[in-house]
Structures are given as C-alpha cells and as structure tokens.
Amino acid sequence: MPAPSSPRIGLALGGGGARGLAHVHVLEALDDLGLKAAAVTGTSIGSIVGAGYCAGLSGAEVREIVLDAFRRPGDVWAKMWQLRPKRIADLLGGGLVQFDPETVLGMFLPPDLPATFADLEIPLAVVAADFYRCTEVEIASGPLRPAIAASIALPIVFKPVEIGGIAMIDGGVVNPLPFDKLPADMDLVVAVDVVGGPVRPSARSYPNARESIFGASQILMQTVIAEKLKSRTPDVLVRPPVDIFGVLDFLKANAILKSTAPVRDEVKRKIEAALEHRQLPMLPETGAVTVAP
C-alpha cells in the first residue's frame, strides 16, 4: 500500500446500509492514483469500510471480503439464524426482533481486524448518536468493534450499544456524511454520500410500511447533509447512483458493485481536477503528488 500522500487527504465515508458497499470504488480509485488517505471518518457502513481501509487493506482486498461475505445467501441466512434472539423476552420485547450489532460484526468482519483504534495504520473516527441526549458522539479511541457496532446500530435492525454508560444508535441519524469530523489540517477532503433516496416500487404507486420507514430516514439524512453543505463543501463530493437498492440489500453485493462501477473513474477525475485546482499536480508517470512552486 502507498504511504500517506502529500497533500494530506481526508476521506469521509457516509452511512447508507448496503448502498455503502459502493465505498469500495473510492478506495480502489485512491489505490489507482497511488494515494492513501491521511485520516478517515465513517458513519454506519462507512465506519466498517473505513476500519478495513485504516487497518491496511487495499480497495481490492475490501472488495473481495465483501463479495466473499455475501457470495452464498444460504451461508448468510444460516449465520443470521444463529444470531436470532434465544429468549422469549428478547424475541417479543418492544415488538421488534433486533440483533446485537457487535455479534453480527464478529461473524462478518475479518478476524484479524485490529482490536483498538490505536492499532490502525490510519487515524479513524466513527460517528454514533447518543440516544437520550439526542447528540452526536465521535469515537476515535479505545476498543474498535464496540465503536463500529454503535455506529451501525440502526434501530429497526439492531439493539442500541452501551459504551461508557451511554446508549448509542446509528450515527446516520445525526451525521450521515461526517466530513466535518476530519482533522482541520487536511489539504483535500473527499466525501462519499451513499444515503440516496427512497426506493421507488416498480409495481405500486405508494410505499409499503418497511419502505416508508427506511425512506423517511433517508429523507431526514439528506436534509441533514443539505444543511451541512450550506456552510461547508468538501473538495470532492461523490454520490454513487444507489437508489435502486435497499438499505438491507447486502445479498445484492455483486450487483451493487457492478451498478456503481463508474464511480471509480469519476473519483479519479474529480481528485485530479481538485489537485490541479489547488495547484497540487500529480505526476502521471509515478502517481506521486508534488506541491507546485
């Protein structure tokens, strides 16, 4: 893997469930250019992909892990069956069946993922939401898996995660695109918005209950992002075309990656243009970046 590049690139990977598998193309684009982020922030699925990248995995390696994890639907369903609530109280409590997010991560993440933030090769910060205080929580130190679990704890699917006495849920409800959490000394900020909009049913005019719930959350998250962009804009903003896929369409991983494949070249073009605009040209024969005199 290339060493951290100059200028210093900050990478923000947003939340969006299975739609966030498109983040892989952004990692591969950086690899193609011979660049490596100096700092990464992630929300929800962005925290998972970001952790793998910050652990030293290339974009191609993250792609292979994703495809291997969801290549065999039967294996995925078998794992989820093992994770089902075992007690009647857990099964019926609150009217929803919710999974423990840290346990789910343990079954799908690489076993050699570093245990703590300090063990990562690139600084990473992940975003979760303090449920009772209605505030954003940035986690950049301590055990890694509980922090990621908190960041992905989508209420409909996962139980809240308690860290330090705080009940935390999915960071997407407070900061779905955390480019504002990158260090201030970044020279170039790349932000990847995979929230998208509600999936439009092909045979119906109106959404069903599940579609309404997920669609409403997407509308709210896009509103948050739009307000953030009024005060600050990333140097490179990428929005993969993900609207045809659902938040939980992980079994369509291969289709998501194929459908969003043009993002890889789009990211390279946008980064090259941003570097040129900032007078930080890239040397094409080496992929190195030099500061113009």
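Residues numbered from 1 in each chain as written. Predicted model: local features only at pLDDT ≥ 70, side-chain atom pairs only at ≥ 80, totals over all residues. Heavy atoms only, no water.

(A) Summary view of the overall build of the protein. Of regular secondary structure, the protein possesses 10 helices and 8 strands. Burial status across the protein gives 49% buried among its 293 residues. Surface exposure of the protein reaches about 14000 Å², of which carbon and sulfur atoms provide 59%. (Helix = DSSP H or I, 4+ residues; strand = E, 2+ residues; numbered from the N terminus. Buried < 20%, exposed > 50% of the residue type's maximum accessible area, 1.4 Å probe, protein only. Areas by Shrake-Rupley, 256 points an atom, 1.4 Å probe, with all protein chains shown as cover.)

(B) Layout of helix H10 (residues 263–277). With 15 residues, H10 extends 21 Å between its outermost C-alpha atoms, agreeing within 8% with the 21 Å of an ideal straight helix rising 1.5 Å per residue. Buried within H10 are the following residues: Val 263, Glu 266, Val 267, Lys 268, Ile 271, Ala 274 and Leu 275. Once H10 ends, the next one or two residues include Gln 279, with phi positive near 60°. (Expected span 1.5 Å × (residues − 1).)

(C) Quick peek at the packing of aromatic side chains. Throughout the structure, instances matching the rule amount to 3 aromatic pairs. Seen in terms of ring centroids, Phe 131 and Tyr 132 are 5.1 Å apart; in terms of plane orientation they differ by 85°. Their pairing is edge-to-face. The exposed category is assigned to Tyr 132, whose relative accessible area is 67%. Clustering of aromatic rings is evident, with ring pairs tying together Phe 70, Phe 108 and Phe 250. A cation over a ring is seen here: Lys 36 above Tyr 53, with NZ or CZ 4.6 Å from the ring centre. Sitting above the plane of the Phe 179 ring, Lys 228 keeps its charged end 4.5 Å from the centroid. (Phe/Tyr/Trp six-rings, centres within 6.5 Å; stacked < 30°, edge-to-face > 60°. Lys NZ or Arg CZ within 6 Å of the ring centre and 35° of its normal.)

(D) Just the side chain of Thr 43, in detail. Within the secondary structure layout, Thr 43 lies in strand S2 (residues 39–43). Among the polar contacts made by the side chain of Thr 43, one reaches the main-chain carbonyl oxygen of Asn 175 at a distance of 2.8 Å. (Polar contact = N/O pair within 3.5 Å; in protein donor to acceptor, adjacent residues only side chain to side chain.)

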